[in-house]
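Per-entry structural report
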Amino acid sequence: MTNEQLELISRNVRKHILTMSKSGGCFLGAAMSCVETMVYLYGKQANISPETTQDPNRDYVFLSNGHDVPSLYGTLAEFGFLEASRLEKHLDISDVIFWHPHTDIPGVEFRAGSLGHLLSVATGVALDIKMRGEDNQVYVMLGDGELNEGSNWEAILVAQAHNCDNLTIVIDRNNIQANMRTEDLIPLEPLADKFRVFGCQVEECDGHNFDSLATAFEAERESGKPKVVIAHTARGKGLQDHTDRVDRWFYTLNESEYTSFMQEVEA
Amino acid sequence: MTQTYEQVLVELAKNDERIVVMTAENRAAIRNVPALLPNRFIDTGITEQTLIGAAAGLALRGRIPVVHGLAAFISMRSFEFARTDVGLADLPVKIVGYVPGLLSDGNGPTHQALEDNALMKQIPGMQVFTPADNAELLAALPHIMSDGNPWYIRYYDGEATVQHEAFEPGIAEEFGDGTDVAILTSGYMLQHCYKAIEKLDAAGVSTRLVNLRTVKPLDEVAVCSALLECRNVLVVEDHFRRGGIYTDVCEIAMRRGVTQARVVPVSFHERWFRPAKLEQVLAHEGMDANSLFEFALSCHATSAQEKEEVFS
């Protein structure tokens, strides 16, 4: 898949996100920031397709920062896991499409919403794959603000102790948590160093650039270490009025915003 | 010779590739498992949250993780992981809590699991087994491991002092069918209640002892029979009153309109217990056989009086 194709898909994912944001609102800014990373994971990196969602040899993609779910659902729709028309049932009682992921949606590996859980779950999956001597890969995306939760650091200790080099932790580093800049509240920097001293291999990239993402994900694996990809991104990416704004968290688009933002994304 | 918990666990695991034994660095009852089951033993260190989360991940891959930790920590520190990663996902993780209730004797309140059953019962789908001794614990393991539900096992492996009926979840075993005093209990308290009942029998009181075995599912038939047929129903548990068997019995009584019996709790209300050697704790808290006998006898002696006098 070419970068042009991935960029086209990313545009469509952003449109799906806007549709969900219009219908009852969503965590718009965070969903926008991880679009390219999601699209890259499903389009290039992870060995997973609509036909292999139950195959034990598939790669696993976990979304731990569950409020980014519009980005996940948009991506799953674009890659044929999920009927795109279902996204119009956002928050409709007849379906299960709400503000956090549900495993009834094909491709969703685990439910999420409470932060700091899925790195543990992903570590368990990685441990089982190692116990069985198999070689599938496990990817788990975390928000940067989510790293405030101590359970992540506990899980990293366990993953490195058990040499989980089949585990890749992807950080959507948009520098903003719910209502604050991460560095103004609980500073995370030097973040890469933190992961390194915890025994991880760390790669950093521009999380909106497919070449940069490829360089980070494809970087040669250091044996025995979990890999961390810090994807530097911007909250609200793709919408000038929402980019890198602390005061844009949960957001409901009105009709005119929806129309103009759809045009902005299309342009 | 009597088998141990880990012997039976390893036997079951040898016959079922899905079983993986895990612990948050508490190996008290599974010391030999790493040697006997080297490729299916994981110690995550002192990390209850990661233990439960990782167990959910293993279960996603088709495993049956049996996770071990101190009851106080594995039920509380990682409660949300049990609720959200095991309960919500409906995964067959088996959570084993060591040293629950009074068994924490000298550890003090930090280690007193007196709310573990209450917490675990709240998780939809989670089943709760409170073995009274080694025999009951081992008898239930095959069912618990092959059952698709998540389970909490309130671990106790003391020597059996009674002969048990075959294990069935949600089915109590009853000793006697008397009508003056019934004692409802489970787990470690069974042996003390059994001795108290023997003393009551010797004193000419008509008794029954109900060992509930699983507190979820709870045997409502056995509970209702006691409520309908006995004048005094004592609910004895080394657990907080609120959220324990007593709460469930009262709820059943109200829901089914079976309210004529006097239902008396013997448990901990709004407080922890004073740490000491176990025998001393039992006596101090009025939960040894002698204290239970005397208390039950006093309930029986006043059973003709108005309920209000007793509850005042």
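Since the model is a prediction, treat every value here as computed from it, not as a measurement. (Residues numbered from 1 in each chain as written. Chains lettered and ligands numbered in written order. Predicted model: local features only at pLDDT ≥ 70, side-chain atom pairs only at ≥ 80, totals over all residues.)

1. What to know about the nonpolar core
If you look at the biggest cluster of nonpolar residues, it comprises 175 residues, and the most contacted ones within it are Ala122(A), Val140(A), Ile183(B) and Leu184(B). Two domains share this core, each providing at least three of its residues, namely domain 1 (5–154) and domain 2 (173–311) of chain B. Ignoring sequence-local partners within four residues, the contact set of Ile183(B) consists of Cys193(B), Ala196(B), Ile197(B), Leu209(B), Val210(B), Leu234(B), Val236(B) and Ala296(B). (Core = buried A, V, L, I, M, F, W, Y, C linked by C-beta atoms within 7 Å. Buried ≥ 20, exposed ≤ 12 C-beta atoms within 10 Å, placed from the backbone. Domains from an automatic or database assignment. Contact = placed C-beta atoms within 7 Å.)

2. Remarks on the interface of chain B and chain A
The interface of chain B with chain A comprises 22 residues on the first partner and 19 residues on the second. Elements that contribute at least two residues to the side of chain B that touches chain A include exactly helix H3 (48–60) and helix H5 (79–87) of chain B. It is H3(B) that provides the largest number of residues to the side of chain B that touches chain A, a total of 9 residues. Residues that form the side of chain B that touches chain A fall into these classes: 9 nonpolar, 9 polar and 4 charged. (Helix = DSSP H or I, 4+ residues; strand = E, 2+ residues; numbered from the N terminus. Nonpolar A, V, L, I, M, F, W, Y, C, P; charged D, E, K, R; others polar.)

3. Concerning the environment of Arg208(B)
Residues and elements named next belong to chain B. Mapped onto the fold, Arg208 is located in strand E9 (residues 207–211). Distance in space between the C-alpha atoms of Arg208 and Arg63 is 41 Å, their sequence separation being 145 residues. Not counting the four nearest positions on each side in its chain, Arg208 is found in contact with Glu174, Phe175, Gly176, Asp177, Gly178, Ala182, Ala226 and Cys230.

4. Details of the environment of Ser186(B)
Residues and elements named next belong to chain B. Structurally, Ser186 is set in the loop between strand E8 (181–185) and helix H8 (189–202). Taking the C-alpha atoms as reference points, Ser186 and Ala55, 131 residues apart in sequence, are found 28 Å from one another. Setting aside chain neighbours within four positions, we find Ser186 in contact with Thr130, Ala132, Asn211, Leu212, Arg213, Val215, Glu237 and Ile245.

5. Focus: the sheet that holds strand E5 (residues 227–232) of chain A
Residues and elements named next belong to chain A. Ordered by their spatial adjacency, 5 strands build an open sheet running E1-E2-E3-E5-E4, and the pairing between neighbours is parallel. Both edges of this open sheet fall to strand E1 (60–63) and strand E4 (201–206), since each of them pairs with a single strand only. Averaged over neighbouring strand pairs, the angle between their axes works out to 20° when direction is ignored. As defined by bridge partners, strand E3 (residues 167–173) adjoins E5 across 6 bridges and the pair is classed as parallel. Among the inter-strand pairings, Arg173 is bridged to a residue of E5, identified as His232. (Pairing = 2+ DSSP bridges. Axes fitted to C-alpha atoms, helices over the stretch in contact; angles between N-to-C directions.)

6. Overview of helix H7 (residues 134–146) of chain B
Residue and element names in this part refer to chain B. In this model H7 runs 19 Å from its N-terminal to its C-terminal C-alpha over 13 residues, within 8% of the 18 Å that 1.5 Å per residue would give. At Ala140, H7 shows its strongest bend, of approximately 35°, with the proline Pro142 following within four residues. Listed in full, the buried residues belonging to H7 are Ala135, Glu136, Leu137, Leu138, Ala140, Leu141, Ile144 and Met145. Here the buried face of H7 lies against helix H1 (5–14), strand E1 (19–23), strand E3 (64–70), strand E4 (94–98), strand E5 (127–129) and strand E6 (151–154). (Expected span 1.5 Å × (residues − 1). Bend = angle between axes of the 7 residues up to and from the residue.)

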